[in-house]
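The lines below spell out each chain.
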Amino acid sequence: MGAVLRLYLKQNNLKILPIDHILQDLKDAVLNHHGVVLQAPPGSGKTTRVPPALLELFPPEKGRILLLEPRRLAAVSAARWMAQERGEKVGQTLGYSIRFESCLSNRTRIEVVTEGILTRRLNKQPSLDGVGMVIFDEFHERSLQTDLALALCLDIQRSIRKDLKILVMSATMDCRPIAALLGEAPILSISGESFPVKEYYLPQNKSMPLEQRITMAVSKALQETPGDILVFLSGAGEIRRSAEPLDHLAKSRKGDFTVHPLYGDLPFKEQEKAILPLKKRKVVLATNLAETSLTIEGVGVVIDSGQARRLRYDPRTGMNRWLTVTISQASAEQRKGRAGRLGPGVCYRLYSRHEYESMQPFTPPEILSLDLTSLVLELIDWGVKDPSALSWLDSPPKAAWEAGKELLTKLGALNYSGILTSSGREMAALPLHPRISRLLLKAHDLDLPQVGADLAALLSERDILRPGFSAGRSLRKEADIGERLQILQEWRRDKSLPPGVDPWAIGTVDRLSRELEKILNRPSVPQSPQDPILISRILLNAFPDRIAKKREEGVGRFLLAQGPGIRMPESDPLSRSPYLIVVQADFGEGSEGKVRLAEPVSESIIREELEWCIKRLRRVEWEKKKGAIVATVEERLDALTLSVRPFSPSDEETVPILCEAIRTGSASLAFTPEVRQLQGRVDLMRRAFPEEDWPDWSEAALLIKPEEWLSPFLSGLRSREQLNKLDIHLPLLTQLPFERKNQLEKRTPQAITVPSGHRILLDYASGEFPILAVKLQEMFGQSDTPTVAGGRVKVLIHLLSPAGRPVQVTQDLKRFWSEVYPQVKKELKGRYPKHPWPDDPWKAVPTRQVKRKKK
């Protein structure tokens, strides 16, 4: 560390921090490279010491330094701390810009911003004029906006701003991939102050309520350790539930410590109470907000629940949902490190060592697990239609990218060609999720700016109603958005709060609503939406994919347009609504989700507002149970069926379906004896005359391709019963050319005349050869076996007894008379004495009659 730096720190009464030892090396790296990576653990001073140290490299003519922080509280705190170290007020050399608030001047040279501020600024001013360097702090958190901002900055640097410097700072991550992304940037690394932290694993009974486990751990820490206590919990709900028993504990100990929540939605003054030092010992209940970005004065003890609340995208519903998840090992180490920033500390982990070792090493980046709709809109507004055109540490998943484009199309931000619409440009200019931007624009169109701002604020911030809300009203509308809107408006009039309403939350919502009205640049006129239709119209435009239709079975059960089922308590009046707009829902491991926020909507409003989304499908299909074709026109909104009506389909629509039903066996054709004979005759011709290419009319061959021979005869048919009654003899015959029909009649006669003069039908369907079943006495005198197929095939003769039973089957009639007849005569003459049994069958008269009686 140089003498000049030591003198500066001494003059300003600043403590030497680990980062101070490499600031000169960092300056050299920034001077000689377009990108630099700095790895420094929490507490090393990188956030507050690095930007001021680099100021001398960026005089006003080179532009200011932008320092990106992942959270608003961290951004404001960093700006205030750096200003304080310089003996200035915020807004002079050091300033900040966060959502709806900025503290800057024309003297500001270091501007601390949240990531969303930078990406919107980039879209308005792609060249980043007036900015010399962008510093990405806490990059290891890998928020969606961080990855987007870095991709855009790299695009600017490589295309139009070769002079733009980029510094990526991280506490815990493998820095080699990010260094490669920056063009093989140098990596500077330091270790933090090595204050030892004792760690104790306190695995507890997980069936015990969390607030009880936290109280026990805090009691233990109060008895065993000095210093303030920082408790890491997953979310605001867990913090509130844990604060109440700890307040009681503080009272029982005569107030020797105080309890302070710390989470993002908390009013800034309350957050400051948790951050700044107090005279009494304090217990801070914090989310992962306190892992890295903030320095909380006085903390020497950490109690880690091992959990965090993170957003995850659910492809079943198209929604991001908050999940309580197990933290990574990197997060666990960061939490532990908070106990050792000021001196030796203690960390109590409310889980086992085995659980720690089974944690994933790092927290997955948000870009791989979140809804990318906002990112898609910003990139298309930037001019990028394919994310692969930019440089990413982790590329946006293709499925999530396409889902984002689909939603933007439904919101009207993109046309069907993927081109940004005028509405899309307006939405991209607003510092909000595209859904909320669309909501505000629709409210603007309806001349309801305040209602739109109120709805947007209610949906963007923490719920103003606590679980189990009843508000002393006759109906429990726990999920009703309109109920919340009414409560907000009543609170504005008289500042009274019904039971169950969170005063901090409603104040935050009110402040955000006023800021949103300013963005819209519309006068604030008190408005009361007496007509709930207006609310549903506004919400439909923001959530066109979140419509749910009441199921026929059971009260409170609905089907979402995305496909999954969803439910709500029968006690809620909304449970009987035919349709809902489900804005928020929880999906656990079960098959159905739980409605959290919703608004009833009528089918007529859905049709008016989303006419272009409704698909009309003509469905002509075979219904197995009915055994018939069913033809309907369905109006569908994604997975929801709005209406079904029958219509009369054309033959062009029905014939292929009938053929398929025949092919698959869902319907059958009547192969009558007449048809079987025709099949047998053609089959005989096919075998006897292979050179003539006769068709295969076996049942299997005919049923494989019914459309080739049956289609013209299926006109007007719609059911299994009609098919079964269809005479298929004519359709088959029509397949034969005229010449073939003549050949069939000549070569395969349907009957032949026997010696008795009787014309007898041949059976072509019962075997390989045509069968002539004839009484033995009718064949007297004939020696040659009859033939068909132009003499190529002998008939198989079934010689019958007088009772019609076969006594001999032969294709050699001459041999029968010579060798077999004597034995047959001997066996049957006595049994049938009325019938002639001549000794010489060659000379006997053939007859069908019995012997004449002698006179």
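Starting afresh in each chain, residues are numbered from 1 along the sequence in its written order. Side-chain atom pairs in this predicted model are given and counted only at pLDDT of 80 or more, local residue features only at pLDDT of at least 70, and totals for whole chains, interfaces and linings cover all residues. Note: side-chain values were computed over all heavy atoms of the structure, leaving out hydrogens and water.

Caption draft 1: Layout of the overall build of the protein. Helix and strand assignments follow DSSP, with helices taken as H or I runs no shorter than four residues and strands as E runs no shorter than two, numbered in order from the N terminus. Regarding its fold elements, the protein presents 28 helices and 31 strands. In terms of C-alpha radius of gyration, the protein reaches 44 Å, well past the compact-globule figure of 29 Å for 855 residues. Remark: exposure states derive from per-residue accessible area (1.4 Å probe, protein chains only) relative to the maximum for the residue type, with buried under 20%, exposed over 50%, and partly exposed in between. Considering the protein as a whole, with its 855 residues, one finds that 54% of them fall into the buried category. Nonlocal contacts in the protein, meaning residues at least 24 apart in sequence, comprise 66% of its contacts between residues at least 6 apart. Put simply, the protein shows about 39300 Å² of open surface, and 51% of that area lies on carbon and sulfur atoms. C-alpha atoms define the radius of gyration in this analysis, and the globule rule sets the expected value at 2.2 Å times the number of residues to the power 0.38. We call two residues contacting when some pair of their heavy atoms lies within 4.5 Å. Throughout, the Shrake-Rupley method with a 1.4 Å probe supplies accessible areas, and for residues the shown protein chains are the sole cover considered.

Caption draft 2: View of the environment of R618. Mapped onto the elements, R618 comes out in strand β22 (residues 615–623). In the structure, R618 is positioned 17 residues away from E635 in sequence and 9.0 Å away in space, judged by C-alpha atoms. Filtering out sequence-adjacent residues up to four positions away, R618 remains in contact with T632, V633, F647 and E653. Polar contact is defined as a pair of N or O atoms within 3.5 Å, subject to the rule that within protein one atom must be able to donate a hydrogen and the other to accept it, and that residues adjacent in sequence are counted only when both atoms are side-chain atoms. Of the polar contacts made by the side chain of R618, one reaches the side chain of E653; its length is 2.8 Å.

Caption draft 3: Just the sheet that holds strand β19 (residues 565–567), in detail. Any two strands with at least two DSSP-identified bridges between them are counted as paired. In spatial order, the strands read β17-β18-β19-β21-β20; together these 5 strands close into a barrel with mixed pairing. On average, adjacent strands in this sheet sit at an angle of 50° to one another, irrespective of strand direction. In the sheet, β19 pairs with strand β21 (residues 592–600) via 3 bridges, with the strands oriented parallel. Across the sheet, the residue bridging to G565 is E592, located in β21. For helices, the fitted line uses only the C-alpha atoms of the stretch in contact; every axis is such a line through C-alpha atoms, and the angle between N-to-C directions lies from 0 to 180 degrees.

Caption draft 4: The sheet that holds strand β24 (residues 640–646), seen in detail. If you trace the 3 strands from one edge of the open sheet to the other, you get β22-β23-β24, paired in antiparallel fashion. The sheet is open, and its two borders are formed by β22 and β24, each paired with just one other strand. Within this sheet the neighbouring strands show an average axis-to-axis angle of 30°, counted without direction. Relative to β24, strand β23 (residues 628–637) is paired through 6 bridges, and the arrangement is antiparallel. Bridge pairing links V633 to R645 in β24. Against the sheet, helix α22 (residues 651–664) contacts β22 and β23, and its axis sits at roughly 40° relative to β22.

Caption draft 5: How the structure looks around the pairing of strand β3 (residues 94–98). In terms of burial, β3 is largely enclosed, as 5 of its 5 residues are buried. The alternating pattern of β3 places L94, Y96 and I98 and G95 and S97 on opposite faces, both of which are buried. The pairing of β3 with strand β5 (residues 110–114) spans 4 bridges and is classified as parallel. Its bridge partner lying in β5, S97 is registered against V113. Pairing of β3 with strand β4 (residues 101–103) involves 3 bridges; the strand directions are antiparallel. In the strand pairing of β4, S97 is matched with S102. Joining the antiparallel neighbours β3 and β4 is a turn of 2 residues, in which F100 adopts a positive phi near 70°.

Caption draft 6: Layout of the pattern of salt bridges. Take a side-chain nitrogen of Lys or Arg and a carboxyl oxygen of Asp or Glu: if they are within 4 Å of each other, that pair is a salt bridge. In total, this model carries 57 salt bridges according to the counting rule given. In this structure, the salt-bridge partner of E85 is R49, at a minimum N-O distance of 3.4 Å. Taken together, the positions of E85 in helix α4 (residues 72–85) and R49 in helix α3 (residues 46–54) put the pair 36 residues apart, joining distant regions of the chain. Of the two residues, E85 and R49, neither departs from the other in class, the shared state being buried.

Caption draft 7: Quick peek at the packing of aromatic side chains. In this analysis, rings of Phe, Tyr and Trp, with Trp reduced to its six-membered ring, are considered paired at centre separations within 6.5 Å, and the interplanar angle assigns stacked below 30 degrees, edge-to-face beyond 60, and tilted for intermediate values. Using the criterion set out here, one finds 7 aromatic pairs in the structure. Ring geometry for F780 and Y821: centres 6.4 Å apart, planes at 80°, overall edge-to-face. Taken together, the positions of F780 in the loop between β27 (771–775) and β28 (787–788) and Y821 in helix α28 (residues 813–828) put the pair 41 residues apart, joining distant regions of the chain. Just as F780 is buried, Y821 falls in that class too. A connected cluster of aromatic rings, assembled from ring pairs, spans F780, F816, W817 and Y821. Only when the NZ atom of a Lys or the CZ atom of an Arg is both within 6 Å of the ring centre and within 35 degrees of the ring normal do we say a charge sits over the ring. When the ring centre of F689 is taken as origin, the NZ or CZ atom of R747, which lies over that ring, is 3.9 Å away.

Caption draft 8: View of the packing of helix α8 (residues 210–224) against helix α9 (residues 236–252). The N-to-C vectors of α8 and α9 enclose an angle of 45°; their axes lie 9 Å apart at closest approach. One way to sum up the angle between α8 and α9 is to call them oblique. Of the two elements, α8 crosses α9, and the hand of that crossing is right-handed. Facing α8, whose interface residues are L210, E211, I214, T215, V218, S219 and L222, α9 presents E238, R241, S242, P245, L246 and L249. Angles below 35 degrees are treated as roughly parallel, those above 145 as roughly antiparallel, those between 65 and 115 as roughly perpendicular, and all remaining angles as oblique. Working rule for handedness: look at the near helix, and if it is turned counterclockwise from the far one by less than a right angle, call the crossing left-handed; if clockwise, right-handed.

Caption draft 9: Examining the packing of helix α17 (residues 449–460) against helix α18 (residues 481–494) more closely. Two elements in contact, α17 and α18, have axes whose closest approach is 10 Å; the angle formed by their N-to-C orientations is 110°. Put simply, α17 runs roughly perpendicular to α18. Handedness of the α17/α18 crossing: right-handed. On the side of α17, the interface is formed by Q450, V451, D454, L455, L458 and L459, while α18 contributes I481, R484, L485, L488, Q489 and R492.

Caption draft 10: Focus on the environment of V644. Looking at where V644 falls in the secondary structure, it is placed in strand β24. For the pair V644 and R616, spaced 28 residues apart in sequence, the C-alpha to C-alpha distance is 9.7 Å. Filtering out sequence-adjacent residues up to four positions away, V644 remains in contact with T632, V633 and E634.

Caption draft 11: Summary view of the nonpolar core. Here the nonpolar core consists of buried residues drawn from Ala, Val, Leu, Ile, Met, Phe, Trp, Tyr and Cys, with membership extended through side-chain atoms lying within 4.5 Å. Of all hydrophobic cores here, the largest spans 61 residues; its most connected members are L714 and L723. Broken down by secondary-structure element, the contributors of at least two residues to this core are β22, β23, α22, α23 (673–688), β27, β30 (796–800) and α28. When residues in this core are grouped by element, the largest group, 7 residues, is from α28. Discounting residues that sit within four places of it in the chain, L723 has contacts with W622, L658, I662, A667, S668, L669, L714 and L717. One finds V113, C153, I166 and L414 within the second-largest nonpolar core, a separate group that totals 53 residues.

Caption draft 12: Region of interest: the pairing of strand β6 (residues 131–136). Within β6, 6 of the 6 residues are buried, which leaves it mostly tucked inside the rest of the structure. Here strand β2 (residues 64–69) pairs with β6 via 5 bridges, running parallel. Bridge pairing links L67 to I135 in β6. Note: β6 against strand β7 (residues 165–170), 4 bridges, orientation parallel. Bridging across to β7, I135 finds its partner in L167.

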